[in-house]
Amino acid sequence: KQAGVKVKCFTADIGQPDEGDINDVVKKMAPCGVETTVVDLKDDIAEGAFEAIACNAAYDGGYWQSTGIGRYVTARGLLRAMKAQGCTVLSHGATGRGNDQVR
């Protein structure tokens, strides 16, 4: 705010059970004073998963490539939502769990 930049938060709902209620993300971000948008991408991830299965897209023969597809679906969906709201700059924030914080 001091730099004259309006910060917005976007999060993707691809149906993973990270949060009991995806709208808790909005509540958690409220103290930061930013507008938070939850983008429903469950249909997009389902479509991508079916395409991966149809193509036998498995990693090392062990599991379906859902992680890579999830990243693509998330990036594409959030960028669409950001453009629709007039955003021109993207800054990624890590969740603080898993290995996201070291990437």
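Remember, it's a predicted structure, so these values are computed and weren't measured experimentally. (Residues numbered from 1 in each chain as written. Predicted model: local features only at pLDDT ≥ 70, side-chain atom pairs only at ≥ 80, totals over all residues. Heavy atoms only, no water.)

Asker: With reference to specific residues and values, describe the overall build of the protein.
Answerer: Check the secondary structure of the protein and you find 3 helices and 4 strands. The N-to-C order of helical and strand elements in the protein reads β-α-β-α-β-β-α. Across the 103 residues that make up the protein, the buried fraction comes to 21%. Within the protein, contacts between residues at least 6 apart in sequence are counted, and of these 65% link residues at least 24 apart. When the accessible surface of the protein is summed, it comes to about 7700 Å², and 54% of that surface belongs to carbon and sulfur atoms. (Helix = DSSP H or I, 4+ residues; strand = E, 2+ residues; numbered from the N terminus. Buried < 20%, exposed > 50% of the residue type's maximum accessible area, 1.4 Å probe, protein only. Contact = heavy atoms within 4.5 Å. Areas by Shrake-Rupley, 256 points an atom, 1.4 Å probe, with all protein chains shown as cover.)

Asker: Any details on the pairing of strand S1 (residues 8-13)? Residues and values, ideally.
Answerer: With respect to burial, S1 is a largely interior element, 5 of its 6 residues being buried. As defined by bridge partners, S1 adjoins strand S2 (residues 35-40) across 6 bridges and the pair is classed as parallel. By the bridge assignment for S2, Asp13 is matched with Asp40. As a crossover connection, the stretch from S1 through helix H1 (residues 24-29) into S2 is right-handed. (Pairing = 2+ DSSP bridges. Right-handed = clockwise from strand over helix to strand, strands pointing away.)

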